[in-house]
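A closer look at the structure
Here are the chains, one letter per residue:
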Amino acid sequence: MLPVTPKTAFWMGARCGAPFILVIVPFALLFGVVASEAGFSVLETFVFSTAVIAGAAQFTALQLMQEQAPTIIVLVSALAVNLRLAMYSASLTPHLGAAPLWTRAFIAYLTVDQSYTCSVGAYERYPDWDLATRVSYFFGTCVLVLPFWVLASVSGALIGQAIPPEFALDFAVPITFLAIIAPMLRTLAHVAAALVAVVLALGFAWLPYNLGLLVGGLGGMMAGARVEQLLERRTSGDAP
Amino acid sequence: MIDKVTIWTVIVGLGLGSFALRFMFLGLIGNRPLPIWVLRHLRYTAVAVIPALVAPMVIWPAATGGMMDPPRMASAMVTLTVGLLSRNVLAAIICGGLTLYGGLYLAG
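Remember, it's a predicted structure, so these values are computed and weren't measured experimentally.

What to know about the interface of chain B and chain A
In this assembly, 64 residues from chain B lie in contact with 81 residues from chain A. At the level of secondary structure, the elements contributing two or more residues to the side of chain B that touches chain A comprise helix 1 (4–29), helix 2 (36–42), helix 3 (45–59), helix 4 (70–86) and helix 5 (89–106) of chain B. The element best represented in the side of chain B that touches chain A is helix 1 of chain B, accounting for 19 residues. For the side of chain B that touches chain A, the class distribution of residues is 43 nonpolar, 16 polar and 5 charged.

Printed below as a string of C-alpha cells:
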C-alpha cells in the first residue's frame, strides 16, 4: 500500500462519506418540504440548513415552532438534541486538538454524525497518521456530504408547496426520527434511556411550553447512564 | 404560520448554539478529559431526547386533531421494528411510509 499523504487522505475521507449521500438526500429533501409547509421561504431554509447542518435538531425546532412553543423552548430543545455534538467535539479533541485555532473552528462547524463517525473510525485504524493527514481526512469526509445536504434542503423547499395534504407529510417527521433512532438502540442502556424518555414525555405531556420533552429527555439520559453503570459493575464482578 | 422574527431568531440562535457545542471541547478545553459521569450522560442524549419528542406525535398526531390514529400508530411500529432489525435508516423510512399509505388507503 502506498504511504498515506494528506492529499490521499482527503480522498479516502471523501470515499468514506460518499455512501451517506443516500441517507442525507432524502432526509434533507424532507426537511425542505416540511420547512416550506411550515412557512419557511427558500432562502430561510437554505440559511437554516447551512448554519446548523443537523437534521434532527432542525426538525425538532420546526416541529416546536409549529406548535407555537416559546422561542426559548424551541432553542433549548433543539440544542438538547444537538448535545451529542459536544460529545463528538470532546472525542475528536485528542486527535485534532493540536491544529491551529482557525482550522479547529472549521472542523467544529463541520462536525456532524457522518464526518465524526468516519474520522474517529479512521484515526483508530491508522494511529500513526500525522496531524496534517488527520485534518485532511476530516475535511474529505465533508466534501460530498455538505453540498448534497444543502442542495437537497433547497430542492425540498422548492418542491414543497406542490405537495397536497393527502400525502400525510405531517408523519414524515416521526417516521424519519424513529428510523434514525432504532439502529442506535444497541445496548440495554440505550433501550432503557429511550423507554424512560417516552414514558416521562407522555406522562408529562400536560406541562406547558413542551417542558414534557425536557423532563423526558433528562430522565431518559439519567436512566441510560444508570443502567450502563449497573451493567458495568455486574460484568466487572466487583461492586465498588 | 410562523412569523419571520421567530424564524430568524431560531436560525441564528440554533446556528450559534450548535457551533458552540461543536467548538466547546475541540476549541476551548483542548486536551483535558471530561468527567466520566458527564460523558456517561452525553452518550444517551440522542436516544432519550428524540423518543421523548416523537412519542406524543405518534400517540396524539396534530393532523387528526390529537385523536389516536391506527395507520399512524402502525406506521411508527413498523418503522421502529424494521430499524431495530435491519439497522438500516432508509429501509425503515420506506417500510414506515408504505405502512402509513397502506393504512390510510384501507381506512379510506
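Regarding the packing of helix 10 (residues 172–181) of chain A against helix 5 of chain B
Packing of helix 10 of chain A against helix 5 of chain B leaves a shortest axis separation of 8 Å and a crossing angle of 145°. As helix 10 of chain A packs across helix 5 of chain B, the resulting crossing turns out to be right-handed. Between helix 10 of chain A, through Ile175, Thr176, Leu178, Ala179 and Ile180 of chain A, and helix 5 of chain B, the contact on the second element is made entirely by Val89, Ala92, Ile93, Gly96 and Gly97 of chain B. Of the residues contributing to the contact of helix 10 of chain A with helix 5 of chain B, the split by class is 7 nonpolar, 3 polar and no charged.

Let's talk about unusual backbone geometry
Located in the positive-phi region is Gln68 of chain A, a residue other than glycine, with phi close to 60°. Along the chain, Gln68 of chain A turns up in the loop between helix 4 (55–66) and helix 5 (71–81). Look at Gln68 of chain A and you get exposed, because 10 C-beta atoms sit within 10 Å. Its identity as a non-glycine residue notwithstanding, Arg87 of chain B has a phi of 60°, on the positive side. By the secondary structure assignment, Arg87 of chain B is in the loop between helix 4 and helix 5. Assessed through the 14 C-beta atoms surrounding it within 10 Å, Arg87 of chain B is described here as partly exposed.

What to know about the domain arrangement of chain A
Residue and element names in this part refer to chain A. Under the domain assignment, chain A is made up of domain 1 (6–167) and domain 2 (185–240). Using C-alpha coordinates to define each centre, domain 1 is positioned 26 Å away from domain 2. Contacts between the two partners involve 8 residues from domain 1 and, on the opposite side, 5 residues from domain 2. When residues in the side of domain 1 that touches domain 2 are grouped by element, the largest group, 4 residues, is from helix 5. Taken together, the residues that form the side of domain 1 that touches domain 2 break down as 6 nonpolar, 1 polar and 1 charged.

Reading the values: the criteria
Residues numbered from 1 in each chain as written. Chains lettered and ligands numbered in written order. Predicted model: local features only at pLDDT ≥ 70, side-chain atom pairs only at ≥ 80, totals over all residues. Contact = placed C-beta atoms within 7 Å. Helix = DSSP H or I, 4+ residues; strand = E, 2+ residues; numbered from the N terminus. Nonpolar A, V, L, I, M, F, W, Y, C, P; charged D, E, K, R; others polar. Axes fitted to C-alpha atoms, helices over the stretch in contact; angles between N-to-C directions. Left-handed = near helix turned anticlockwise from the far one by under 90°. Buried ≥ 20, exposed ≤ 12 C-beta atoms within 10 Å, placed from the backbone. Domains from an automatic or database assignment.

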